[in-house]
Amino acid sequence: HFSSGRMSSGQISLDAASSAKRTRCSQGRSSPSRSTRIVTSERLQDADLEGANLEGCSFAGSTLNSVNVRDCRLNETDFTGTLFDNLILGVRSSAKGVAFSHDGKHIASGRDDHALVVFAQNGKQWKLKEAFTGHQDSITNVTFTRDRRLVASSSFDRTVMLWKLNSEKRCRLPEHEKTVYDLEFSASGNYLFTASARTIKVWRIKETLREILAEEITTLTEHDADVYKLAIKGEYLASACFDNTVGIWKIKEEDDDINVEIEKRLKHQDRVNGIAFSPAADLIVSAGNDKTVIVWSLADGTKLKSFKHSAIVWDVAFSHSGREVAIASLDKTVRVWDVRSDHLVTLEGHTKNVWSVCFSHDDTLLVSGSLDNTVRVWDWKTGKCVTSLPMGDSANGAFECNGMKLQGAKGLSDFQEMFLRDFGATS
């Protein structure tokens, strides 16, 4: 995708960029290469430049379609007038996913050292109970089985791990092709659903006296872009996708078998990041880059109510009463929306984008995870933060873009622009 007619001394082709990528090792980064200069043709598409040293390169005036710059060195790189179409940044964060156990006594999240950490309630305090290590990259989400027998984590390292609380038992699922963004146990806890790239994989989970076993059953391939979030309630599965849709699936567990079929799709105007079922499984709420939170009828897929946010929404959660929806957003807040009265409670305290939210089962507490590397526990009815649990430092240490030029660039999301500016880009 490079124009050989525009190549000159000091410019390199995509193959050379890939070579620059390979020079980066796990212990550190390659030294800056002043000869690394790229001038693209009018369009660069489906290029995997992960980890490449592209300092000082010029992509000015080009169109970049589905280009992966995760962990790149982009200091002084020129993107003036560039049109971005699905730029893949691969932003890491501790506290990207949070979960309450069903009994409300445990909170799980991911720490900056890639450990899955579980906190236990001790009176009014939350104390670290266990830290499970095994992932090689940041954790994207976490979930408990309903009986708190197992806790599972997905990761940028393309793997899923299952852990037994108060035990040495663990299980690493076979590696997926790309980042695993989310995971959910079926209602019975006998199956696990994982979201990665354009697929949803279904795994049979069994626990013996000595080990946890996982067997891949099937792969669902109905979506046309990355599946980012999953939700399960009873016999229904929902999938939030970057193809601007929510997939509604019917789950049928019979004996030692499972069947999953898509029933309908719900349409947003942009990428969908968050979904949740109401407790009665008669409603579903979804939200995303179009800054709109929508409550749908699960029966016929009609829109029942909507809330227009001022920023990108990353996650939503129904309270267990079915009356409130918690909204995690780019604007650093958590908002609790009363779906019936439209009353809003705004929880302020995070200093960066809020990734995830979850109500405790008795609805007394709400937990949120943020790009500021903290998990906060809220008494959401009073707006008070009960405690803030530190998850470590920034997990994006491999990425650099100081002095990156973005003047006149188009196609970046609000979050991408914010993230790049925070790391030193100029526009």
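Right above here is the structure, for reference.
Residues numbered from 1 in each chain as written. Predicted model: local features only at pLDDT ≥ 70, side-chain atom pairs only at ≥ 80, totals over all residues. Heavy atoms only, no water.

*Asks:* Would you mind going over the overall build of the chain with me for this structure?
*Replies:* A count of helices and strands for the chain gives two helices and 31 strands. Put simply, 44% of the contacts in the chain that link residues at least 6 apart link residues at least 24 apart. Accessible area of the chain: about 17900 Å², with a carbon and sulfur share of 43%. (Helix = DSSP H or I, 4+ residues; strand = E, 2+ residues; numbered from the N terminus. Contact = heavy atoms within 4.5 Å. Areas by Shrake-Rupley, 256 points an atom, 1.4 Å probe, with all protein chains shown as cover.)

*Asks:* Any chance you could explain the environment of A197 here in plain terms?
*Replies:* One can find A197 in the loop between β13 (191-196) and β14 (199-207). Judged by its relative accessible area of 16%, A197 falls in the buried class. Distance in space between the C-alpha atoms of A197 and H176 is 8.9 Å, their sequence separation being 21 residues. For A197, the residues in contact, after removing those within four places along its chain, are K178, T179, A225, D226 and V227. (Buried < 20%, exposed > 50% of the residue type's maximum accessible area, 1.4 Å probe, protein only.)

*Asks:* Explain the sheet that holds strand β26 (residues 334-338) to me, please; I cannot follow it from the model alone.
*Replies:* Two modes of strand pairing occur in sheets, parallel and antiparallel, and in both the strands are linked by backbone hydrogen bonds. The strand order across the open sheet formed by four strands is β24-β25-β26-β27, and the pairing between neighbours is antiparallel. The open sheet is flanked by β24 (313-318) and β27 (344-347), the only strands paired with a single partner. If you compare each strand with its neighbour and ignore which way they point, the axes differ by 20 degrees on average. Note that strand β25 (residues 324-329) and β26 share five bridges and pair antiparallel. (Pairing = 2+ DSSP bridges. Axes fitted to C-alpha atoms, helices over the stretch in contact; angles between N-to-C directions.)

*Asks:* Any chance you could explain helix α2 (residues 414-422) here in plain terms?
*Replies:* Along an α-helix, a turn takes 3.6 residues, which lines up residues three or four apart on a common side. Taken as a whole, α2 has its buried residues at F415, Q416, M418, F419 and L420. Buried positions along α2 lie against β24 and β28 (354-359). Of the residues flanking the end of α2, it is G424, one or two places downstream, whose phi is positive at about 110 degrees.

*Asks:* Help me out: how do you make sense of the pattern of salt bridges in this one?
*Replies:* Opposite charge on two side chains permits pairing when their charged atoms draw close. What the rule picks out here adds up to 23 salt bridges. Connected via shared salt-bridge partners are D147, R149, K164, K169 and E207. (Salt bridge = Lys/Arg side-chain N within 4 Å of Asp/Glu carboxyl O.)

*Asks:* So what exactly am I meant to see when it comes to the sheet that holds strand β30 (residues 374-379) here?
*Replies:* What the four strands build is an open sheet, ordered β28-β29-β30-β31; its pairing is antiparallel. The open sheet has two edge strands with one neighbour each: β28 and β31 (384-390). Averaged over all pairs of adjacent strands, the angle between strand axes in this sheet comes to 20 degrees, irrespective of strand direction. Bridge count between β28 and strand β29 (residues 366-370): five bridges; the pairing is antiparallel. Pairing of F359 across the sheet is with L366, part of β29.

*Asks:* Where do I start with the environment of T63 in this structure?
*Replies:* Looking at where T63 falls in the secondary structure, it is placed in strand β2 (residues 63-65). Between the C-alpha atom of T63 and that of T82, which follows or precedes it by 19 residues, the distance is 5.8 Å.

*Asks:* Before we go on, may I ask you to explain the nonpolar core in this structure?
*Replies:* The tendency in soluble globular proteins is for nonpolar side chains to be buried side by side. Residues F193, L237, L406, F415 and L420 are the most contacted members of the largest nonpolar core, which totals 53 residues. When residues of this core are traced back to their parent elements, those giving at least two are β13, β14, β16 (227-233), β17 (236-241), β18 (245-254), β19 (257-267) and α2. Once residues lying within four places of it in the same chain are set aside, the contact partners of F415 are V91, I312, W314, L330, N353, W355 and L371. (Core = buried A, V, L, I, M, F, W, Y, C linked by side-chain atoms within 4.5 Å.)

*Asks:* Any chance you could explain the pairing of β27 here in plain terms?
*Replies:* For a regular strand, side chains alternate in direction, first toward one face of the sheet and then toward the other. The two faces of β27 differ: V345 and L347 on one face are buried, but L344 and T346 on the other face are not. Sheet analysis places β26 next to β27, joined by four bridges and oriented antiparallel. Pairing of R335 across the sheet is with T346, part of β27. The hairpin turn running from β26 into β27, its antiparallel successor, is five residues long, and D342 in that turn takes a positive phi close to 70 degrees.

*Asks:* What am I meant to see in the side chain of S153 here?
*Replies:* Its place among the elements puts S153 in strand β9 (residues 150-155). The exposure class of S153 is buried, given its relative accessible area of 0%. Within the structure, S153 has its side chain in polar contact with the side chain of H135 (distance 2.8 Å). Not counting residues within four places of it along the chain, the set of residues in contact with S153 comprises L116, H135, I139, N141, V142, T159, V160, M161, W163 and L183. (Polar contact = N/O pair within 3.5 Å; in protein donor to acceptor, adjacent residues only side chain to side chain.)

*Asks:* Got a minute to help me understand the pairing of β28 in this structure?
*Replies:* Within β28, six of the six residues are buried, leaving the element largely enclosed by the surrounding structure. Counted between consecutive antiparallel strands, the loop separating β28 from β29 contains six residues, among which D363 sits at a positive phi close to 65 degrees.

*Asks:* How should the environment of A281 be read in this particular structure?
*Replies:* In this fold, A281 is placed in the loop between β20 (272-277) and β21 (283-288). A281 sits 16 residues away from S297 along the chain, and the two C-alpha atoms are 9.3 Å apart.

*Asks:* Where do I start with the packing of aromatic side chains in this structure?
*Replies:* How two aromatic rings sit relative to each other is given by the distance of their centres and the angle of their planes. In the structure shown here, the tally under the stated rule is 17 aromatic pairs. Consider the rings of F79 and F84, whose centres lie 5.4 Å apart with planes at 50 degrees: the pair is tilted. Of the two residues examined, F79 and F84, each falls in the buried class. A connected cluster of aromatic rings, assembled from ring pairs, spans Y181, Y228, F242, W314, W355, F399, F415, F419 and F423. The side chain of K96 reaches across the aromatic face of W355, ending 3.8 Å from its centre. (Phe/Tyr/Trp six-rings, centres within 6.5 Å; stacked < 30°, edge-to-face > 60°. Lys NZ or Arg CZ within 6 Å of the ring centre and 35° of its normal.)

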